[in-house]
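Breakdown of the fold
Read off the chains here:
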Amino acid sequence: MKILLANKFYYRRGGDCIYMLNLEQLLKAHGHDVAVFAMDYPENQETPWKKYFPTNMSKLMAFTRPFGSKEVKNKFNKLLNDFKPDIVHLNNIHTHLSPIIAELAHKRSIKVIWTLHDYKLLCPRYDCLRNGKDICEICFNGDKTSCKTYKCMKGSTLASIIGYQEAIKWNMKRLENCTNTFICPSKFMAQKMAQGGFNQKKLVPLCNFIDTTKCQRQHFEKGDYYCFIGRLSHEKGVKTLIDAANKLPYKLKIIGGGPLLEELKGIANSNIEFVGFKQWDEIKELVGKARFSIIPSEWYENNPLSVIEAQCLGTPVLGANIGGIPELIENEITGMTFESKNTADLAQKIEAMWKHSFNYALIAQQSQMKYNAENYYNQILEIYKK
């Protein structure tokens, strides 16, 4: 089978990029012919398909690219002509590439599959947050005017007008017409898409996978700390975590960086250590030896890899009861949940997690069986063939 994968970036930038890179290798390992389409970005991995990539988006291009630029159309059409795919599998393509590529493939009767990594098809901001903090679903009814009213795009009037116009151009009906299947990495995502009016018959819940071989551990001894790994920003709920952790005697290691780093350091007690950004080998040790990992998110997390990776390392997860997080946690077996934004409940559940006895080896074994690449391959192949 010839499969064309598309994503705005082609390097390990975020969950969407990691997913596509892993999927590319998985499909190739099973003998499929795979091409890729992305923006020509400086950090991209080397690939023979680079000659088809449209140029890195400039500030001026932000006024044209979201609506389907001539360069994107010409280069994508050239790739379709030369590669002749059976499947076009889209990921995060809005703004930098735009859904024009879905229409170009559909017009040639090529099957279009789209894995949804965020809520962009429902919310111009993509994260269902107003002012970057409060959950908002106003745009789910199809009227995107509130994007301009609340200046949802970076607090900018101009950016919000562009976001509004982009959402109007690439509306639900138009996107459904050119897409065969929307893969939703969580049942929560599928429910929200249906709530927004998308045809349920085109929505397929399918949890993400990881390379479980990188999570292999011989021993499951735990240290005297728990950990957080992720971006230090408002929607990740790290301030709520700091407030709760300050009330407790247990050691917390925070892995990652972000805009709130200095503010959080200023309010954290001495039992909280900021270890900074780490590569996988160090993450494996830090998360693998933690008593548990915590994901205190305050937005609609879709299918966070941080939960899956921790469990595959044999580390239980305390997760906020929001978005797709609860689907990944079996209470008192692979972790626990708490009410998002509730500092008191979070502190209480940290205490409970610290005192609870988990079977770390069993968590790793069962999680690796559940989230391994071969399981995913069998399911994605059925979607391709459907």
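Residues numbered from 1 in each chain as written. Predicted model: local features only at pLDDT ≥ 70, side-chain atom pairs only at ≥ 80, totals over all residues. Heavy atoms only, no water.

Here the focus is the overall build of the protein chain. Looking only at helices and strands, the protein chain features 14 helices and 14 strands. Taking 386 residues into account, the globule formula puts the C-alpha radius of gyration at 21 Å, and the protein chain, at 21 Å, falls close to it. Reported as C-alpha extents along the three principal axes, the dimensions of the protein chain are approximately 60 × 50 × 40 Å. When each of the 386 residues of the protein chain is scored for burial, the buried share is 56%. Just so you have it, the protein chain exposes about 16800 Å², and 49% of that area is on carbon and sulfur atoms. Taken together, the 52 basic and 39 acidic charged side chains of the protein chain have centroids lying 6 Å from each other. (Helix = DSSP H or I, 4+ residues; strand = E, 2+ residues; numbered from the N terminus. Rg over C-alpha atoms; globule rule 2.2 N^0.38 Å. Buried < 20%, exposed > 50% of the residue type's maximum accessible area, 1.4 Å probe, protein only. Areas by Shrake-Rupley, 256 points an atom, 1.4 Å probe, with all protein chains shown as cover. Lys, Arg positive; Asp, Glu negative; His and termini not counted. Charge placed at Lys NZ, Arg CZ, Asp CG, Glu CD.)

Turning next to the nonpolar core. Core analysis: the biggest nonpolar cluster contains 125 residues, and Tyr226 and Ile350 have the highest contact counts within it. Contacts of Ile350, omitting those with residues within four sequence positions, involve Tyr226, Leu241, Ala244, Leu248, Tyr250, Phe292, Ile294 and Leu318. (Core = buried A, V, L, I, M, F, W, Y, C linked by side-chain atoms within 4.5 Å. Contact = heavy atoms within 4.5 Å.)

Moving on: the environment of Tyr371. Tracing the chain through its elements places Tyr371 in the loop between α13 (360-370) and α14 (373-385). The class of Tyr371 is buried, set by a relative accessible area of 2%. For the pair Tyr371 and Phe209, spaced 162 residues apart in sequence, the C-alpha separation works out to 4.8 Å. The contacts of Tyr371, once residues within four sequence positions are left out, are Cys207, Asn208, Phe209, Ile210, Thr212, Ile308, Gln311, Cys312 and Leu328.

Summed over the entire model, instances satisfying the criterion amount to 17 salt bridges. Its salt-bridge partner being Glu71, residue Arg65 comes within 3.2 Å of it at the nearest N-O pair. Note that Lys289 and Glu285 form a salt bridge whose closest N and O atoms lie 3.2 Å from each other. For Glu285, a relative accessible area of 37% translates into the label partly exposed. The structure contains a network of salt bridges with shared partners spanning Arg65, Glu71 and Lys75. (Salt bridge = Lys/Arg side-chain N within 4 Å of Asp/Glu carboxyl O.)

What follows covers helix α3 (residues 100-107). An α-helical segment advances 3.6 residues per turn. Residues three or four places apart therefore align on the same side. Burial runs high along α3: six of the eight residues are buried. Considered for burial, the residues of α3 that qualify are Ile100, Ile101, Ala102, Glu103, Leu104 and Ala105. Buried residues belonging to α3 abut β1 (2-6), β2 (33-37), α2 (70-83), β3 (87-90), β4 (111-115) and α6 (172-177).

The six strands lie next to each other as β2-β1-β3-β4-β7-β8, forming an open sheet whose pairing is parallel. With partners counted over all chains shown, the strands left at the sheet margins are β2 and β8 (203-205), one partner each. Between one strand axis and the next, the sheet turns by 25° as a mean value, whatever way the strands run. The pairing of β1 with β2 spans five bridges and is parallel. Bridging from a neighbouring strand, Ala6 pairs with Phe37 of β2. Contacts from α2 reach β1, β2 and β3, with the element oriented near 170° to β2. (Pairing = 2+ DSSP bridges. Axes fitted to C-alpha atoms, helices over the stretch in contact; angles between N-to-C directions.)

Here the focus is the side chain of Ser233. Among the structural elements, Ser233 can be located in the loop between β9 (225-229) and α8 (238-245). For Ser233, the side chain forms a polar contact with the side chain of Glu235, separated by 2.9 Å. Once residues within four sequence positions are removed from consideration, Ser233 is found in contact with Val238, Pro259 and Leu260. (Polar contact = N/O pair within 3.5 Å; in protein donor to acceptor, adjacent residues only side chain to side chain.)

On to the side chain of Thr212, then. By secondary structure assignment, the location of Thr212 is in the loop between β8 and β9. Owing to a relative accessible area of 11%, Thr212 belongs among the buried residues under this scheme. When neighbours within four sequence positions are excluded, Thr212 is seen to be in contact with Cys312, Gln368, Tyr371 and Asn372.

Let us look at the environment of Ser233. Judged by relative accessible area, which is 5%, Ser233 ranks as buried. Separated by 25 residues in sequence, Ser233 and Gly258 place their C-alpha atoms 6.0 Å apart.

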